[in-house]
Amino acid sequence: MADSIIELLDELPSDNLTVKMLNALDFVVPGEWENVVGCDRTIEVVTGETDGDRIRDIRNRAIELYNDTNTGYQGAIWLYKTIDNADKALGAAAMANKVGEKIGLLGFLNRLTPKADTTQSVDLCLKLVTELIAYSKLNGLPVLNPGEFVAELTEHYHGASLMRMAALVSVDGLLPLGPNFLQKVHSTLDGGSALEGNPVFGTIANFIPGDDKLGFISETFGAVEGWMGNLVGSVGLTPESVFDHIGGFIDFSDDALDLVGAFLDQSTDYYRHTGIQTVAHKLFLQAAEDV
């Protein structure tokens, strides 16, 4: 049985590396994210309710809704958790490759692991598609086409959801791939073969509509590319500005930003953390309406 939404919220950390990273990225989307943890506290913040009996009724209804497999709540949580678990493996491969590049005696690692830019590009693309599918499930929709999704992203993303996308651009785009990360991802997708045989792609492929799965992934990146570029431009984001904000709690030099990106892939779970908060927000609003 899936973890209950109560357990997931009550077990969210109030302070760890993931939380520190997300707080440091507040400058990208100022004031959008607060690390609300715990079930009852989340109900209070989301619904504005303070009456204990009312909070209990919302919590009980939320449990019923979450356990109903006809809703998309559990499916969205599964996707957020799955992509984050896979992210750690991809981060380890990228880290090994970068270490091999920088330390001559360990150069053999380059021959054993995928090129780091390729790994990081695949990671970013798969996270984008996972986001599209999870959003569709959470809102009870058929899987959106990429154009529909980017419209929803532009108009309706806020809070934990918007912070998740800001972190994706910052720590999965700019830090590991540099200021030209969008072009690098394009080059990887144009090659095509990087996604084929990828274990993460295999895990989520059944959720991707149509026969041309790789084409859908490319189309999704192409649709969201403009939104990501606008975010970078509007904030003046650079790899260095991202590192300036997160460098206070990780011990890396600023000439190893690609290593920082791979390290954060391995050591944080921001997709799972903010994904749980996104699902809880939608779930508790519906539960409050029902009771």
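Please refer to the structure placed before this passage.
About the criteria used
- Residues numbered from 1 in each chain as written.
- Predicted model: local features only at pLDDT ≥ 70, side-chain atom pairs only at ≥ 80, totals over all residues.
- Heavy atoms only, no water.
- Salt bridge = Lys/Arg side-chain N within 4 Å of Asp/Glu carboxyl O.
- Helix = DSSP H or I, 4+ residues; strand = E, 2+ residues; numbered from the N terminus.
- Buried < 20%, exposed > 50% of the residue type's maximum accessible area, 1.4 Å probe, protein only.
- Phe/Tyr/Trp six-rings, centres within 6.5 Å; stacked < 30°, edge-to-face > 60°.
- Polar contact = N/O pair within 3.5 Å; in protein donor to acceptor, adjacent residues only side chain to side chain.
- Contact = heavy atoms within 4.5 Å.
- Axes fitted to C-alpha atoms, helices over the stretch in contact; angles between N-to-C directions.
- Parallel < 35°, antiparallel > 145°, perpendicular 65-115°, else oblique.
- Left-handed = near helix turned anticlockwise from the far one by under 90°.

Asker: Where do I start with the pattern of salt bridges in this structure?
Answerer: Side-chain pairing between opposite charges can occur once the charged atoms of the two side chains come close. Tallied over the entire structure, the rule returns 11 salt bridges. A salt bridge links glutamate 44 to arginine 41; the nearest nitrogen and oxygen atoms lie 3.4 Å apart. With glutamate 44 and arginine 41 both in helix H3 (residues 39-47), this residue pair falls 3 residues apart, about one helical turn. For arginine 41, a relative accessible area of 45% gives the class partly exposed. One salt bridge connects aspartate 290 with arginine 61, and the closest N-O pair in it is separated by 3.0 Å. Taken together, the residues aspartate 290 in helix H15 (residues 270-290) and arginine 61 in helix H4 (residues 52-67) connect sequence positions 229 residues apart. In this structure, a network of salt bridges that share partners links the residues Asp53, Arg56 and Asp57.

Asker: Explain the environment of proline 176 here, please?
Answerer: One can find proline 176 in helix H9 (residues 159-177). Along the primary structure proline 176 and leucine 259 are separated by 83 residues, whereas in three dimensions their C-alpha atoms are 6.9 Å apart.

Asker: Which parts of the structure should I look at to understand the packing of aromatic side chains?
Answerer: Inspection of the entire model under this criterion finds 6 aromatic pairs. Between phenylalanine 149 and tyrosine 157 the ring centres are 6.1 Å apart and the planes differ by 85 degrees, which places this aromatic pair in the edge-to-face class. This pair shows no difference in class: phenylalanine 149 is buried, exactly as tyrosine 157 is. One aromatic cluster is present, formed by Tyr80, Tyr270 and Tyr271 through successive ring pairs.

Asker: Looking at this structure, how should I read the side chain of threonine 220?
Answerer: Its location among the elements puts threonine 220 in helix H12 (residues 213-235). A relative accessible area of 0% means that threonine 220 is categorised as buried. A distance of 2.8 Å separates a polar atom in the side chain of threonine 220 from the backbone oxygen of phenylalanine 216. Among residues more than four places away in sequence, those in contact with threonine 220 are Leu128, Val129, Leu132 and Pro146.

Asker: Would you take a moment to explain the environment of phenylalanine 284 for this structure?
Answerer: As for its placement among the helices and strands, phenylalanine 284 is situated in helix H15. Here phenylalanine 284 falls in the buried class, since its relative accessible area comes to 0%. Apart from the residues within four sequence positions on either side, phenylalanine 284 is in contact with Leu9, Cys39, Thr42, Ile43, Val46, Thr47, Ile58 and Ala62.

Asker: Hey, could you run me through the packing of helix H7 (residues 116-138) against H15 in this one?
Answerer: Running from N to C, H7 and H15 cross one another at 15 degrees; their axes reach a closest spacing of 12 Å. As the angle between them shows, H7 and H15 are arranged roughly parallel. The hand of the H7/H15 crossing is right-handed. In this structure, H7 contributes Lys127, Leu128, Glu131 and Leu138 to the contact, and H15 contributes Tyr270, Tyr271, Thr278, Val279 and Lys282.

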